[in-house]
Structure formats: C-alpha cells, structure tokens
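As a plain string of letters, each chain reads:
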Amino acid sequence: MEPCLNGRRLIISLIFFLLKFSTAIEIPPSVQQVPTIIKQSKVQVAFPFDEYFQIECEAKGNPEPTFTWTKDGNPFYFTDHRIITSNNSGTFRIPNEGHISHFQGKYRCFASNKLGIAMSEEIEFIVPSVPKFPKEKIDPLEVEEGDPIVLPCNPPKGLPPLHIYWMNIELEHIEQDERVYMSQKGDLYFANVEEKDSRNDYCCFAAFPRLRTIVQKMPMKLTVNSLKHANDSSSSTEIGSKANSIKQRKPKLLLPPTESGSESSITILKGETLLLECFAEGLPTPQVDWNKIGGDLPKGRETKENYGKTLKIENVSYQDKGNYRCTASNFLGTATHDFHVIVEEPPRWTKKPQSAVYSTGSNGILLCEAEGEPQPTIKWRVNGSPIDNHPFAGDVVFPREISFTNLQPNHTAVYQCEASNVHGTILASANVDVVDVRPLIQTKDGENYATVVGYSAFLHCEFFASPEAVVSWQKVEEAKPLEGRRYHVYDNGTLQINRTTEEDAGSYSCWVENAIGKTAVTANLDIRNATQLRVSPKNPRIPKLHMLELHCESKCDLHLKHSLKLSWSKDGEAFEINGTEDGRIIIDGANLTISNVTLEDQGIYCCSALTALDSAADITQVTVLDVPDPPENLHLSERQNRSVRLSWEAGDDHNSNISEYIVEFEGNKEDPGRWEELTRVQGKKTTVILPLAPFVRYQFRVIAVNEVGRSQPSQPSDHHETPPAAPDRNPQNIRVQASQPKEMIIKWEPLKSMEQNGPGLEYRVTWKPQGAPVEWEEETVTNHTLRVMTPAVYAPYDVKVQAINQLGSGPAPQSVTLYSGEDYPDTAPVIHGVDVINSTLVKVTWSTIPKDRVHGRLKGYQINWWKTKSLLDGRTHPKEVNVLRFSGQRNSGMVPSLDAFSEFHLTVLAYNSKGAGPESEPYIFQTPEGVPEQPTFLKVIKVDKDTATLSWGLPKKLNGNLTGYLLQYQIINDTYEIGELNDINITTPSKPSWHLSNLNATTKYKFYLRACTSRGCGKPITEESSTLGEGKYAGLYDDISTQGWFIGLMCAIALLTLVLLTVCFVKRNRGGKYSVKEKEDLHPDPEIQSVKDETFGEYSDSDEKPLKGSLRSLNRDMQPTESADSLVEYGEGDHALFNEDGSFIGAYAGSKEKGSVESNGSSTATFPLRA
C-alpha cells in the first residue's frame, strides 16, 4: 500500500511545514506600520506594437503610503499630460503616442508615510530604436582562387537577441562548411575561395525577434578569378592542381583577428554560456582543435560546433576559468591562439535583512551579506537615504550588520541594503516596526473544525502581539489548560490534537496574553468516522486476454459523502479519470475493468479515497497468467542404440507453475515434418531418458504445460539416428475379407514406419487346415494382403503372419483361426403351418435346414409374405412382398400388422453371411374379420329446436362385412355437469344418415358414431352441435340459408371470427395461456374417461375440479376390440422390415394394448422389433 499513501503523507508533511514556518509575524492592517513595496516592474521595453507601457509600483502601510518617483537619480514628476496615474498607487502608464524616447531611463519608486519610506529596485524603461543598415554603396570584391576573404556584415544595434543569416537574393542560405564560416559578429569568412564562390548577391540579414523586425544589408558582389598558369592545352583538372600547388600555405588565424596577438582575455558570467571561436585561412583548409591548458574540457557541458570552429561550454562555473587553446592545422603547419577565460558573477544574497516587529526597550539586529565576483560592496540606507543621515544613540552600524539597543518608537523605519559590483546592484529591504499592543486574534471567533477518528485535528488561533504573548488552549467545559502528549500548541497559536477520538469533540477556548493584556476566541471540533475501503477480488490470478474486473467498496461518514472521490492507480501511477483512450481500460467510479489483459497489466492496483478530511486506500495484487515460454537450450547426451537423454532449460512460467513437459519427436519416414508425442515429464524435471525405435533419424522438441495451456514448441534439438534392427512385433488384426467360395483373402494391419526397425520389410504368411496333419504352406509378400485358394467351402484354417526385414525376423507369431469363403445355402426350409392368432397376427412354424446345407455361418431365417386378395370384395392385389428376418437358429416366428379379412401367400428361407438361400413353397392362409376403422366424417346437416339430422361417411377400411353403426349422444352445456349417454343401434349399414328427435331446445350435444362388424365396433368419430331456441327462429332452418340477408350475416360473422382469431393468436404469442385441459375436463370423450377409470383408478389431478356427473362405459354390450400385435413380440431387434431382396422398407406401427380405446386423431406408436 506504500504508493497509495504517498499523497496522504505529502498532505500531512505540508501541514507541518506550514505550521512550522508560519510563525513569521504579519502585522495586521489595523496596526500602524511602515510602507512595504508589494509589487513592482522589472525591465520594461517599449515595443512599437504595444498600446501603452505600464510601470508598476504598489505598496501597503498604515497610514496609507504616498508615492514619488526618481528617473536616473533625479526627481520625476508627472508633468507630461499623456501620463496616466492611478489613485492610491504608484503605478503609471505611458500611452504609445508620439515621441516617447525621452521617457527612456532608470526609474525608482518611493512609498512613504509618517513612519518610514520604502524604496523599490531600479526599473529600466527601454525605448528601442528601429534598427537599420546604413544606405551605402558596396564596391565589388575581386580575389584570386585560393585566397582568403572576409565579407563584413556590421549589423545595426537593436534590442537583443540578434540573429544573423547570410542568404542570396532568392533567400537561400549560403552554405557553410569547414571552408566557409560565419562569426558571432556576423562576418562571413572564407579560408580559401573557389571559383564556385563567385556571385553578386551575398546578403546579410539581421533579425530582431522581440521587435519582430528583419533588416537586410545591400548585396555584395564577389568575383573569384581562376589562375592562368597552365597551358591552354592542359586539362581543367591539371590547371586546378597546379593552381592549388602554387597557393598552398600554412594556416593563419583570421579569428581572433591578428591584431589581438597570440592570446586574448574573455570575461564570462557564472551560469552563462561560453562561446570561443577560432577560424584560420590556409590551403588546404585548416582543421581546428580545442584543449584546455593544464586541464580537461568539462565533460557533458562542452560541445564543438560549426565544424569545430566554435567551442561551447554551457552553465559556466568557477571551475571553467583558465586558458583554452585553439589550434588550426594543415599538413604545412599550425597556428594557435590562447583564450584566458575569467569567470565573474553579479551580486547575490547569502543573508538578507529580515523585517521584524519589536517592543519598546528590546534589542535587534539586521544582517546583510552578499557574494559575487568581484566581491560586492554593501551600503545601508534608512527610508531611502544613506544611514549616516539617521544616527541613533546606541546603534552600531557595520557593512554587514546593524545592531539596535533599547529600541524606541522612533526607530521605526525601512532599512535598505544594497550590494553592488561592476555587474549589477541588488536591493533588499527590512521593516523595523517598534509596536506595543495587546494581542489581536485574527482567527474568527466560533470557527468550526472537523476531523476523522485517528487523524490529527488542527484548531487555529492566529494572532499578533507585541510584546510577545503566551498562548494556551482549554476545553470550554473543563476550564483548565490542555495537557498531555496528544496536545501541541505551535508558535502561531495553532493547537494540534493527535490521534483524535470521539471524546475530543466539543468547544475549545484559545487565550493569548502579553504584558499589555489578553484576548480569547472559541473553536468547535466535530469528529467524523474514518473512511474505509475494500478492493475485491483480493490478489486475483487471471489468464492473459481475459477480462479483469476490480471493485472498490467504500464506507464513508455521511457528512463526508459529498466530498468522497475515488481514484485508481497501478504501481503508484494514477490512471486517467475514465481509463485509456482506446477503451481497453474503463474506470467507472468504484469499478475498474480491463479487457484483453496483457502481461503488462500485472502489478499492484490501488483504490484511493479522498474526502474533505481524510483519505484511505486499499490494494490488490493482480497476477496475470499466461502459457509458459518455450523451453530453451535442448541438449542430447548418453546416446544409445535404443535410448538417449534429453535435457532442457525451463522458460518463464508466467506466474503459473509448469505441470508437465510434452516431448515430441519428428522422424517418421512416411510423414516427414510431422511431430508426434513421445512421452510426458513432470513439471519439476528438465531431463528424461527417451526410449527409441531402430532405424529412425530423430529430432526432438519440448512443450511446457501449465494451468493456462501449452507453450509454443521449443527449437528442435540436434538429430539423433538409431541403427537398424530386426522387427520387434508382428502384424495385428489378422482377418479374412469377404471372398468367394473356396477362397481366403487374408488381411492384416501393416507395421507403421516407426515399427519396421529396418529396411526391406516383408511379411511371411503360413497356413494349414485346422487339425490336419499336413505341413504349413508359406508365402512371403511385401503388401498386407494375400489370396489363398482352398479345397473346401467355409473350412477352418490356422494362419500366422510374421514381419521380417533385412536384419532378421520378428518374434514367433501367434496362430489365428480363419475360415475359407462361404457359399449360399442350397436348400429351403419346409413350412409346417400358419396359426392365425387374430385378424392381424399369425404364427409361422418351419423346419430348420441341415448344417451342411448352410455352406457358411447361419445368420437366421427370413419370412416373405404378400397379400393376394380381399375376402370382402374378392379383388386380387398386385404382389407386394413384405420381409421379416429372425436371427439365429429358430423354427418359428410371428408375423404382425396383416390386413383383416384377406388372403396371403407366405414363404421362408435361410440366409448366411454370403446371402439368402432358396425360398420354400408358398403357404396360403386367410385372416378373419376385424373391427372397422372409424367413419371418415360425421356432420350435423340439419338442426331444429328439438331435432337434428346427422350424416357420415363409410370407414376407409371395413375389415369385414359391415353390420351397422352405434350412435351415442349426450348433453355437454358449458357447465361442470354433463348429461347421460344415449345409445342408438343402426342396423342398416347402407344408410349414411340418421334423424334424432325429442332433443332439448337451446342445448349443446356431443355425438359419437362407430362402425360395426360381426367382430364388434371400431373407434368413434365425434361432432358437437346445439339445438335452436323457442320463437320465430325455430323451424326456419330449411329455408333460411337461401335468404340474402342470411348470407350477408354469415359473411359478417366470418369476418368478426377472423378478427377474434387474430387477436387470440397475438395474445398467445405474447405469453397468454389457452386452457385445453379445462375444455377436456368439461367435455370429455366418454371412451377416454372410461380408460382413465379402468387404468388409473382413483387418480385425480389436484388442480382440476372433478365432474359431478357419472359416465356409463362406452364398451358396454360391445366385444373387446382386437389390437394389432407389436413386432416387439415377434420380429428381429433391428426395427426394420425388408422387401424381397432383403432391403429396408420401413418400421411397423401398432395400436395400443388390448382393451385400450383411441380417440379420433390420436397418434400411433412405433414398435421396436425383437426376436
């Protein structure tokens, strides 16, 4: 938490600092005192673009001071009407109007009252002139090639700084190099001219940035004449070479100029930048070097600029004084110049006189010390005049101090100390106020303070007193001074209470007393609860690229809630208020979220709270997990034919211990470049002995694994090659592939490349009939299959397969039993009989075929059957064969889902792995009648107040001769009660309608209709309808439907119904419920109700209301319905049916168990097959 507390410690340290150094006496404005200058101008420059120029001088004092000015040591009066003055201030303005150059000078401000005179430092007012080059005619310059020349600039004087540039008329800079140099004064030097230096537009530009002015010198023309010492026939290269040889000369210094001699002196002020320049003419161009005589150049502060011609030393100190030498040299000689550098310094204070308040009769001293080079002289002034004019009895005046004895009120004055040398003057003032006054407490009475438990409280009692006063604090209710180590009173009157508790709250009194009198004020202290923080989660470990969420829970005093501010930092560096610009780090008050965490996000996160009175912080250590770095420096040792030791160095685990290492190898000849896992090593180990296979050129790599994941693979190791050897193993999974009769196609899994152990891999295959006393037959092959012809069908053989290569054979192989190829069965079973179980189910029995006629492994028997005709109408059916298989050795099976009242043909055959054998002779059988299916429809075609006419359609399947119908009906009004069930037996099967009478008017009925044969009645079909009411609408049913108004009414009703259905559909999609269960309970199907009664007994749903009425069973006077038997009982467990060639034709579906009743529209169940 160390970084989080730095801010708090800084605040506490600042408080102690202010309390310690706030004891300097500040005289209240109400007490008479000498003037004090509180604001003044420094150097003031009259820039031509300013509107006015203000020279400031402000002072305080009691009585209010008055102001006077001097200019260049003479009184300055505001006689010029342009000067604007300020009331109760010494500040004045000079408008930028007309000529103001006569205002230039050094000003000094004096503020005076009856007690003394304060004096400002000198204020220099500069009125710069506009710099201009003189209008002059510059004669052209003409020199010979190789000679030196200097182009003078002589810039005009102006307000510094000054920048000089040499350019042509197109404002392109003149290129400077070792041969061409511009001096600090602005002159352009040529060590030796070349023909290319000829031009007529050498221009010197002087820039004065503070004046926003650039001036240009008239262009200069320079002509360089080429030497003509060579023959006309000579080439230009030869001419230049000869010319140079004639002009070659040793260096001669142009800077410093020759008249300065071999040495010169330079004075530089401490702290400034020293520039020494040296330039020499000569041919070839001289090189310049620098050194300090008797010492070294200051490292880090010295640079050589302008191709070595300028030595620059920054921030000069006294250690830099001495002799510096520049040496210009070429191969013909050298030239030197010594610079004697003198370091001086303007005056600077070491001790300044301090203002003080004294009481009558006390003693005092003023100190004034300054340093500089040369040593400054010190002069004292009193109220702006030399101290000699103000002698006081008993005062002792020295250059560096003034001592006072038995001070009296007339000692009150302003003392000035001036320190000066050739480089400037500095001024320091000290007020001496002799005052006798009772204590004046400047802190307001009744001030309220607050702090938090455990912190320090500071109660202020700032005062002014002369003579000195004694301060004491006490609690109001206790009326005695505070004592104890927890209390401390500072010199300025402030009370500090350390480690505050809730008992420290209350009112306190501050008493200040001196020889003149005493004064008191009160202060009130409130104690708040300390702010508490908790960052969660604590010390999380988070994988890289995951999201980190930190929460800072704070608990704060209610009085401090408004000032609570939370901030986040990491490793002592604060985050921006809202996080990072890219949005990866988001700060939302107490929440810090970092997306896609990186390793750089690891560190100590601190949540800091700051209130008006206290601060708190809590930290959490975030550890970022990542996959390990790859292992390094793989090394192979202990190399053997079948093993090698691999060692490595672990990489950085990124804060998650390595759990294991995965060693991979590459060397598979079949798949070069593919890495395979060889072994795994515990995470604490970094070496392993690896088992190897022969005849492999190995290369290894290692992957480190930790809880985050796998590292990248290491760099591969060196290669290690093992010698060849005989095979260590034989092929596996020896088997016979489907083959022709009297044939074996033997197959096996070939050895992998890593299992071959050497070159020339082959397979030796041996075989013989099982149990026969004959020799093994043998054949060697290179692939992994062998075709062998056998004399018998489906005969057992002992087979062995052995691996061999050029270095030998594998281990002795194990024998396996294989069978030669199968053939189809060659005989058919004999059907013994077909027993009819019911109208849809029969049982078939047959004789099995002999084992020697199977010619392979018997898989089972297959029944094929097809319908030939219907016994109802005698119509014949096209042949559509159905198939049902029974696995294993068996002699019977059940055939379900037959059509009732029909004739069928049926055959049986045996099948093995090769296929099916011949079919038996067809067996003919018939199924008896069954119950019919439900009628295709039931409609109420006519209704009156007490009658209804119903119409229906024949069932799709009659399943026998139709004997009639059973019509049932009952009342089902919208109540919990239902009516008694009424039965009508209709014995005329050809009649498709029935007229019911004696019905109740305006009553809703439910109708049930079943078709019947001699075997019983089938499933019912239902319909609901209501009878008409009494009155004029009764009896209109016959002709109302032909009326136009009725048709319109029906259309309107249909439209309204469509709208209501749409609304219901929308409501249902929005989550509304439609209670089907309630509807069923209200109007149940009587057959379903009967099933519930018989099957579930007393069971009822507690959420449903029981019916008050009772139902008679719909099954009364009816025979039990026949149900189709399930294939579960009879068929093979593959859920499939087959056609004549044995292919899948679909699954059978059966009805419910015997005795069950299905309502209209119920789904059928799919039954699995079983043997």
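The text that follows walks through the structure, step by step, so that each part is easy to find. A quick note: this is a predicted structure, and the numbers were derived from the prediction, not measured. (Residues numbered from 1 in each chain as written. Predicted model: local features only at pLDDT ≥ 70, side-chain atom pairs only at ≥ 80, totals over all residues. Heavy atoms only, no water.)

Things to note about the side chain of S714
Just so we agree on the cut-off: Secondary structure follows DSSP: runs of H or I at least 4 residues long count as helices, runs of E at least 2 residues long count as strands, and numbering of each begins at the N terminus. The rule is simple: take the accessible area with a 1.4 Å probe, protein chains only, and divide by the maximum for that residue type; under 20% is buried, over 50% is exposed, in between is partly exposed. A 3.5 Å cut-off defines polar contacts: any pair of N or O atoms within that distance qualifies, except that in protein one atom must be a possible hydrogen donor and the other a possible acceptor, and neighbouring residues in sequence count only when both atoms are side-chain atoms. By definition, residues are in contact when any of their heavy atoms lie within 4.5 Å.
Looking at where S714 falls in the secondary structure, it is placed in the loop between strand 61 (697–705) and strand 62 (720–721). Judged by relative accessible area, which is 5%, S714 ranks as buried. One polar contact links the side chain of S714 to the main-chain amide nitrogen of V702, over a distance of 2.9 Å. If we skip the residues at most four places from it in the chain, S714 touches P630, P631, L634, R701 and V702.

Considering the sheet that holds strand 55 (residues 615–625)
This is how the line gets drawn: Only when DSSP finds a minimum of two bridges between them are two strands counted as paired.
Read from one edge to the other, the open sheet built from 5 strands follows the order 48-55-54-50-51, with strand pairing classed as mixed. Here the strands that pair on one side only, and so sit at the sheet edges, are strand 48 (541–543) and strand 51 (573–574).

Considering the nonpolar core
Put simply, the rule is: In plain words, nonpolar cores are sets of buried Ala, Val, Leu, Ile, Met, Phe, Trp, Tyr and Cys residues tied together by side-chain atoms within 4.5 Å.
Counting 25 residues, the largest nonpolar core has L151, W166, L188, F190 and Y202 as the members making the most contacts within it. At the level of elements, strand 13 (149–151), strand 14 (163–167), strand 15 (180–182), strand 16 (188–190), strand 17 (199–208) and strand 19 (220–225) are the ones that each hand at least two residues to this core. Examining the composition of this core, we find that 4 residues originate from one element, strand 17, more than from any other. The residues touching Y202, leaving out its near neighbours within four places in the chain, are L151, W166, M167, I174, L188, F190, D197, M218, P219, M220 and L222. In terms of nonpolar packing, the next biggest core, distinct from the first, is built from 23 residues, V34, F76, L115 and F125 among them.

So, the environment of I849
As for its position among the elements, I849 is in the loop between strand 72 (841–847) and strand 73 (858–870). When the C-alpha atoms of I849 and A910 are compared, they prove to be 7.6 Å apart, with 61 residues separating the residues in sequence. In contact with I849, not counting residues within four places along its chain, are P825, T827, A828, P829, V854, Y861 and A910.

Observations regarding the sheet that holds strand 45 (residues 506–513)
For the record, the criterion: Where helices are involved, their axes are fitted lines through C-alpha atoms of the stretch in contact, as for all axes, and angles between N-to-C directions lie from 0 to 180°.
With mixed pairing, 4 strands are arranged side by side in an open sheet as 39-46-45-42. Each edge of the sheet is formed by a strand with only one pairing partner; in this case those strands are strand 39 (447–452) and strand 42 (470–475). The average undirected angle you get between the axes of adjacent strands in this sheet is 30 degrees. In this sheet, strand 46 (residues 518–528) lies alongside strand 45 in antiparallel orientation, the contact comprising 8 bridges.

Structural notes on the state of the cysteines
Disulfide: a covalent bond connecting the sulfur atoms of a pair of cysteines. We apply this condition: By disulfide we mean two sulfur atoms from cysteines, separated by a distance within 2.5 Å.
Evaluation of the coordinates by the stated rule reveals 7 disulfides. Through a disulfide, C552 is tied to C607; the S-S separation comes to 2.0 Å. Residues C552 and C607 are joined through a disulfide that is left-handed, its torsion about the S-S bond being -85 degrees. Here C552 is found in strand 49 (residues 548–555), whereas its partner C607 is found in strand 54 (residues 603–610), with 55 residues between them in sequence.

Considering a nonpolar patch on the surface
To keep things clear, this is the line we draw: Patch construction takes residues with relative accessible area above 30% that form no salt bridge. Like charges are linked within 9 Å, and nonpolar side chains (Val, Leu, Ile, Met, Phe, Trp, Tyr) are linked within 5 Å. Accessible areas in this description were obtained via Shrake-Rupley with a 1.4 Å probe; residue shielding takes into account the shown protein chains only. Salt bridge criterion: a side-chain nitrogen from Lys or Arg within 4 Å of a carboxyl oxygen from Asp or Glu.
Taken together, the side chains of L1055, L1058, V1059 and V1063 present a nonpolar region at the surface, about 380 Å² in accessible area. With respect to the helices, strands and loops of the structure, V1059 is situated in helix 4 (residues 1044–1069). When its relative accessible area of 44% is taken as the criterion, V1059 is described as partly exposed.

Some points on unusual backbone geometry
The bulk of non-glycine residues show a negative phi, and the bulk of peptide bonds are trans. Between P160 and the following residue, P161, the backbone shows a cis peptide bond with an omega angle of 5 degrees. Residue placement: P161 occurs in the loop between strand 13 and strand 14. Residues S536 and P537 are joined by a peptide bond in cis, for which omega reads -5 degrees. With respect to the helices and strands, P537 occurs in the loop between strand 47 (532–536) and strand 48. Phi is positive for N959, which is not a glycine, with a value near 55 degrees.

With respect to the pattern of salt bridges
The tally for this structure, following the rule as stated, stands at 46 salt bridges. One salt bridge connects R381 with E418, and the closest N-O pair in it is separated by 3.5 Å. Taken together, the positions of R381 in strand 32 (residues 377–382) and E418 in strand 36 (residues 413–421) put the pair 37 residues apart, joining distant regions of the chain. For R381, a relative accessible area of 24% gives the class partly exposed. Among the ionic pairs, K544 bridges to D626, the shortest N-O distance being 3.5 Å. Highlighted residues: K544 in the loop between strand 48 and strand 49 and D626 in the loop between strand 55 and strand 56 (632–637), separated in sequence by 82 residues.

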